[in-house]
Amino acid sequence: MGKRGGRGGFKRGGKRDNRGDYDRQPAWKEHTAENPYFTEYYKRRWRATAERLQAQNIMDESEWTDFMHYAKQLLPTSFRITGNKSTANDLNQHIKKTYIPFLSQAKLDGVQLPPPKQLDWYPDGLAWQLNLTKAQIRKSPEFKKFQNFLVYENEAGNISRQEAVSMIPPLLLKMEQHHSAIDMCAAPGSKTAQLLEALHADPSKEPTGLVVANDSDNKRAYLLVHQTSRLPSPNIMVTNTDASSFPNIITTDETTGQRSKFLFDRVLCDVPCTGDGTVRKNLEIWSHWNANNGNGLHSSLQLRILNRGIQILKPGGRLVYSTCSMNPVENEAVIAAALKDNPHMTLIDAAQELPQLKRKEGIKDWKVNTAREGVEFGDRELLLENAKDERERDRIKDKLPTTMWPPSRQEADDMALERCLRVYSHQQDTGSFFIAVLEKKDVADKKEDKEEKKDKVKEGVETASAEENKEDSTKRPLSPQSQKDEQRPQKKTKRDEPSAEKGKVQPDNTFKEDPFSYMDENSEDVKSMTEYYKLDASFPKRNILVRNPHQQAGRTIYLTSNLVRNILHSNDYTRLRLISSGVKLFVKQDNDRAFNEEDGAVNRCKWRVTNESVNFVKKYLPSKAILKGSPDDLKSFIENYHPVISTIGGENGQLKNTLQKIQSGSHIVEFSLDNGENGLSQPVYVPLWKSKTSVSMMVDKKERSALSLRLFGEDVSEAGRKQAEAQKQREDRMKAAVESGQHQAVSTEGAKVEEGKTEEGASAEAAKTEESAQPLETPAPAPAAE
Ligand SMILES: C[S@@+](CC[C@H](N)C(=O)[O-])C[C@H]1O[C@@H](n2cnc3c(N)ncnc32)[C@H](O)[C@@H]1O
């Protein structure tokens, strides 16, 4: 989160100097939900002159106790139902019909436990909150079952654990299927997932938009590759750059060949922040919190990222800036500075959007912690006046730019800073969050704006607009005023080098990704794929991507959208620091000996459809090329990884007859599974690999288990059986230990295992390795009999 450690130097009880209290912050007691500096910063309790009663004035005095009460409670779990609209509504109905009734009866020690509740402000009721402790869940058989269901569905990518308030920014971005969006600071990717869902909301339409998920941290960028693969999309690009100098993207008009700068319809700046809105989840923030951290982030990163976001936003486009901090220096101050510098940007009144969401208005006045300069809430001009020499003056200018201070009341009113949204923990039992929704005036508005400005200039109200001169320079991220004030050199990035400015690509030796190239649509490999699968002529053959410079099919073949293809043709991927794009389309299946040696096979094709691409590929197949299966058939595939064909679906299985007749290789099966309650009203499509006498369903084990749970009420898969066995063994061990008087030691161990299971979620995702990011689609080995 870009948090910085507090500066050392002043120990608790150490020598006092004149620098004020905030800078004396000691290494506070580990993980105590208290921090007097936090309280003093947001609400002063002492020296209670009327003006100082609340240092930042972020909420009414009367609310503070309530706020602190919630801030000290652990955060309830919240989750969203993911996927397109119809599958998400299905699963939501399943939760309501299958789980809520019996969870509403659940009691612990005779006391009724609160069932999960829908977040009333979230569209279509697709987000839920569960307010129980881990221990309560563990002890309640009903909730334990529900927890198990959540874990499986989360792993299968059908639900996503996400902090409730973190769901707000993408909703306010109003992403549609034709929009191109960039998530500038995207990892671990929960908001990117929401953008992708919006892009694919209507499964009957092929989206023309784009989602670029960017993060400057290399490891976290790979986490994005994993996270975005949960919602496979040909319209995704994952990049690994510093958002404050995000490179210009070029696109080429296919008819005229004209190259132009690409701008986004939607920009999300969910910037690194001090994170004090997440204290209910990240307890360590209580001990590390320090007002200086917010000061440091304001100009070094947050404002620079926002300014770059504004530069790459299309006129008429929408931008959301958000932080999980309550600090006005990281919030309204950044927005005010950006608005001053970009008169073509306006704050949108989002009062009517998400009407059920309780929120407070943005603030127009705040104070800046200047304790390091010896005055607690100092005035910048006075500090500069009192500086003892030029060096100190330069340091103050550098550390405390003017943009940190509030604009004049008139300016704040003109900017309508009250339109920013502040959401606090006590309002609806969540974390705290800050969101600002901005819009870039479109061309028509701009004309009006210019006219208006001319009039103003005539009237002598304003001098020429900075907007006309606004260039897309990564070297001028701060406002003209602050530039003038600061006269300090900006940190240089590689892209700031003169040759980069002239369009020459600087070799970046730190970037080691394999190249991206598109296959020749007339190549033998592409022909073999299209002929074998009988792909419709509308299949976008020219968008088949490979990861080598030779346009040759490697082990994995990807599919991208037209727009991604255009971008990849028009830009050097190393300049964009592109690390992945598109959806995994086919994987080479070349280790099935029986298949390779099979006699008489026509159009033998070694490219098998992946589970990620099955829903795209099936749209281009003639309907008779899609096999049909029943719930019994599916059960055979879930129970056994490589069932022998003759055993599939029991005695009356239809699918086995078809499988016995068709040639070996990759096939797609449609399962109609709706029983009115399982939340599977849409057919489920899965890829199969048929070998000589056996078949494998190429679906990873987590998804098998989730399907099994929905269909049969239990996990009948091999993995599920093993897990159940392990659980039973643990319980037996615990029982034995209790009997032999070692209860304490073993139950702790048991609890740890359970916790590990229940903690699978956004934060646990972060720890996942690349290995686990790979789907567990192991190619079917030829059965022993073959
Ligand atoms: C608040 S988190 C983003 C959370 C994310 N939007 C989500 O909802 O899952 C901030 C992210 O910004 C990244 N970051 C920090 N500095 C950055 C920069 N200069 N450019 C791009 N990303 C940056 C961090 O690595 C971190 O992943």
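Predicted model only: the values in this text are computed from it and were never measured. (Residues numbered from 1 in each chain as written. Predicted model: local features only at pLDDT ≥ 70, side-chain atom pairs only at ≥ 80, totals over all residues. Heavy atoms only, no water.)

The next thing to look at is the overall build of the chain. For the chain, the helix and strand inventory stands at 30 helices and 27 strands. Within the chain, buried positions represent 53% of all 786 residues. If you take every contact in the chain between residues at least 6 apart in sequence, the share linking residues at least 24 apart comes to 74%. Looking at the chain as shown, the accessible area adds up to about 35,500 Å², and 48% of this sits on carbon and sulfur atoms. (Helix = DSSP H or I, 4+ residues; strand = E, 2+ residues; numbered from the N terminus. Buried < 20%, exposed > 50% of the residue type's maximum accessible area, 1.4 Å probe, protein only. Contact = heavy atoms within 4.5 Å. Areas by Shrake-Rupley, 256 points an atom, 1.4 Å probe, with all protein chains shown as cover.)

The next subject is unusual backbone geometry. Between Ala187 and the following residue, Pro188, the backbone shows a cis peptide bond with an omega angle of 5°. Summarising the element assignment, Pro188 is placed in the loop between β7 (180-183) and α7 (190-199). Of note in this structure, Asp124 is not a glycine but carries a positive phi near 60°. As for its placement among the helices and strands, Asp124 is situated in the loop between β4 (117-118) and β5 (127-130). Taking relative accessible area as the criterion, Asp124 reaches 52% and is therefore assigned exposed. The phi dihedral of Leu354 falls on the positive side, at around 45°, and the residue is not glycine. Its location among the elements puts Leu354 in the loop between β14 (345-347) and β15 (360-361). A residue is classified by how much of its surface remains accessible, and Leu354, at 13% relative accessible area, is buried.

The subject of this paragraph is the UniProt feature "binding site: S-adenosyl-L-methionine" (unreviewed entry) in the chain. In the UniProt entry, the feature "binding site: S-adenosyl-L-methionine" (unreviewed entry) is given for Cys185, Ala186, Ala187, Pro188, Gly189, Ser190, Lys191, Asp215, Asp242 and Asp270. Here Ala187 shows up in the loop between β7 and α7. Not counting the four nearest positions on each side in its chain, Ala187 is found in contact with Asp215, Arg220 and Leu224. Take Lys191: it is sitting in helix α7. If sequence neighbours within four positions are ignored, Lys191 has contacts with Gln162, Ser166, Pro169, Pro170, Asp183, Leu268, Asp270 and Phe433. (UniProt positions renumbered as here; feature names shortened; annotations may be inferred.)

Read across the open sheet, the five strands follow the order β18-β19-β20-β22-β23; overall the sheet is antiparallel. Only two strands of the sheet have a single neighbouring strand rather than two, namely β18 (517-518) and β23 (607-609). Across two bridges, β18 lies against strand β19 (residues 544-546) in antiparallel orientation. Paired with Tyr518 across the strands is Leu545, a residue of β19. Those strands touched by helix α19 (residues 524-533) are β19, β20 (556-559), β22 (583-588) and β23, and its axis lies near 50° from that of β23. (Pairing = 2+ DSSP bridges. Axes fitted to C-alpha atoms, helices over the stretch in contact; angles between N-to-C directions.)

What follows concerns helix α5 (residues 141-155). Between its terminal C-alpha atoms α5 stretches 21 Å, which fits the 21 Å expected from 15 residues at 1.5 Å a residue. Turning to α5, its buried residues are Phe143, Phe146, Gln147, Phe149, Leu150, Val151, Tyr152, Glu153 and Asn154. (Expected span 1.5 Å × (residues − 1).)

Attention now moves to the sheet that holds β5. Taken in spatial order, the four strands of this open sheet run β4-β5-β1-β6, and their pairing is antiparallel. Unpaired on one side and paired on the other, β4 and β6 (159-161) mark the two borders of the sheet. The strands touched by α5 are β1 (77-81), β5 and β6; relative to β6, the strand with the most contacts, the crossing angle is about 105°.

In this structure, Met184, Leu306 and Ile335 are the most contacted members of the largest nonpolar core, which totals 143 residues. Residue contributions to this core peak at seven residues, all from helix α11 (residues 332-341). Leave out the neighbours within four places in its chain, and Ile335 touches Leu306, Tyr321, Leu347, Leu417, Cys420, Phe434, Ala436 and Leu438. Formed by 26 residues, the second largest nonpolar core is a distinct cluster that contains Val526, Phe586, Cys605 and Ile626. (Core = buried A, V, L, I, M, F, W, Y, C linked by side-chain atoms within 4.5 Å.)

Looking now at the site of the ligand. Of all residues adjacent to the ligand, which total 21 residues, the nearest are Lys191, Asp215, Arg220, Ala243 and Asp270. In the model, an oxygen atom of the ligand is placed 3.4 Å from a nitrogen or oxygen of the Pro188 main chain. The fraction of the free accessible surface of the ligand (600 Å²) that becomes covered by protein chains is 91%. Split into classes, the residues belonging to the shell around the ligand amount to 10 nonpolar, five polar and six charged. (Near = heavy atom within 4 Å. Polar contact = N/O pair within 3.5 Å; in protein donor to acceptor, adjacent residues only side chain to side chain. Nonpolar A, V, L, I, M, F, W, Y, C, P; charged D, E, K, R; others polar.)

Before going further, it helps to examine the pairing of strand β25 (residues 665-671). Counting buried positions along β25 yields seven of seven residues, so the element is predominantly enclosed. As defined by bridge partners, strand β24 (residues 626-629) adjoins β25 across four bridges and the pair is classed as parallel. Bridging across to β25, Ile626 finds its partner in Ile668. Two elements, β25 and strand β26 (residues 684-690), share seven bridges in a ladder whose sense is antiparallel. Opposite Ile668, over in β26, you have Pro687 as the bridge partner.

Below, the discussion takes up the environment of Glu418. Mapping Glu418 onto the fold places it in the loop between α14 (409-415) and β16 (421-423). Under the relative-accessibility criterion, Glu418 is labelled partly exposed at 26%. For Glu418 and Glu332, which are 86 residues apart along the polypeptide, the C-alpha to C-alpha distance reads 9.2 Å. Among residues more than four places away in sequence, those in contact with Glu418 are Glu361, Gly362 and Lys364. Of note is the side chain of Glu418, whose polar atom sits 2.9 Å from the side chain of Lys364.

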